Amino acid sequence: MQTASLSPYFIDRVSHVREDSVWIQAQLHAGSTRLIAVYQSSVLCHNHDPRRPCFLSYSQAPVPPGTSVFLGQVDGIAYFTLSIQTSAAAEQLCNAQQATFQAYAISAPMLESDYHELLSLACFTNYWHSRNQYCGSCASATEICSAGHMRVCTSTDCAQRYFPSMDPAVIVLIEHKDRCLLGRQPHWPEAMYSTLAGFVEPGETIEAAVAREVNEEAGIHVEEIRYHSSQAWLFPNSLMLGFNAKATSTDLQLDTNELEAAAWFTRDQIRATPQMLPNTQSISYALIQDWLNR
Ligand SMILES: [Zn+2]
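Residues numbered from 1 in each chain as written. Predicted model: local features only at pLDDT ≥ 70, side-chain atom pairs only at ≥ 80, totals over all residues. Heavy atoms only, no water.

**A closer look at the nonpolar core**
Judged by nonpolar contacts, the single largest core of 23 residues is most densely connected at Ile 36, Val 43, Leu 71, Tyr 79 and Leu 118. Breaking this core down by element, the ones donating at least two residues are strand S1 (34–39), strand S2 (42–46), strand S4 (68–74) and helix H3 (116–130). Among the elements that take part in this core, H3 stands out by supplying 7 residues, more than any other. The contacts of Leu 118, once residues within four sequence positions are left out, are Phe 10, Ile 11, Ile 36, Leu 71, Val 74 and Tyr 79. (Core = buried A, V, L, I, M, F, W, Y, C linked by side-chain atoms within 4.5 Å. Buried < 20%, exposed > 50% of the residue type's maximum accessible area, 1.4 Å probe, protein only. Helix = DSSP H or I, 4+ residues; strand = E, 2+ residues; numbered from the N terminus. Contact = heavy atoms within 4.5 Å.)

**With respect to the domain arrangement of the protein chain**
Domain annotation for the protein chain reports domain 1 (21–131) and domain 2 (167–292). Its C-alpha centre places domain 1 at a distance of 32 Å from the equivalent point of domain 2. Taken together, the two surfaces of domain 1 and domain 2 that pack against each other cover about 930 Å², and 66% of this comes from carbon and sulfur. Counting every contact that joins domain 1 to domain 2 gives 0 salt bridges. (Domains from an automatic or database assignment. Buried area = accessible area lost by both parts, 1.4 Å probe. Salt bridge = Lys/Arg side-chain N within 4 Å of Asp/Glu carboxyl O.)

**A few points about the coordination of the zinc ion**
Surrounding the zinc ion are the protein donor atoms Cys 135 (SG), Cys 138 (SG), Cys 153 (SG) and Cys 158 (SG), which sit 2.3 Å from the metal. Here the zinc ion is ringed by 4 donor atoms whose angles at the metal span 96 to 114°, and the overall shape comes out tetrahedral. Site description for the zinc ion: donor spacing in sequence, C-x2-C-x14-C-x4-C. Residue Cys 158 is classed as partly exposed on the basis of its relative accessible area of 26%. (Donors = N, O, S within 2.8 Å, 3.2 Å for Na, K, Ca; no water. Tetrahedral: all angles 85-135°; square planar, octahedral: opposite > 155°, others 65-115°.)

**Description of the sheet that holds strand S8 (residues 150–153)**
The 3 strands lie next to each other as S7-S8-S9, forming an open sheet whose pairing is antiparallel. Edge positions in the sheet fall to strand S7 (142–145) and strand S9 (161–162), since each has one partner strand and no second. (Pairing = 2+ DSSP bridges.)

In structure tokens form, the structure reads like this:
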């Protein structure tokens, strides 16, 4: 299996057939198909190796209507979520499979898993469906359509359609001469620093969001804002848009509601302190590594 991190085409969404309910049902029942059990924001993983998801076949667990969503195919194998609804059902499944539901947080070992992209998509899918059970227009119940890629209001007068969406956020490596600016938030692992980030606000371009966030959080003005790469960061639903930018000043004025600390670092300082780097699967790590290698 290829490495999941940042790979653009890991999951085949098979959009040309996922509207075909007969094909979806055949896939769900196929012997090779794998179900990813999700309970709240946790994924079922083997007790003996929390980095290994415990995939289920259709025959291994009850799949009530409306609890399973098609994610796509990887290497020709179909993957579905299986949403576990109650703590009792979760406990029963754990005992039967000798497995545990692992919380999919930033520090979770699953971030290092080959299946990261698939598992985070499963968590996001479960999150989105659980929060869109009712119509925002008329408050009627909604139901799954298109194998889970849409929900539709059950009121025939309304029939509002809802599609999964992500919130765009910018993340930027700011450099000034031979140093780059990194900051940290108080709840992060001790000593960890990262590139600055924030959500795009309605009505602004993503470049404007970069300039605004950096100025709000650190009091720094930037220029030469250049797009680098992107990463879906589904905790719970962000699309991270990575940038490089150059600072026109270096005096920091921190917003302490956002950052506990921030500082300018040389390449030698970062290389000498590897524990300060963020998770190797994150776009922040990729931005920093690219700058280090320049
Ligand atoms: Zn409605």
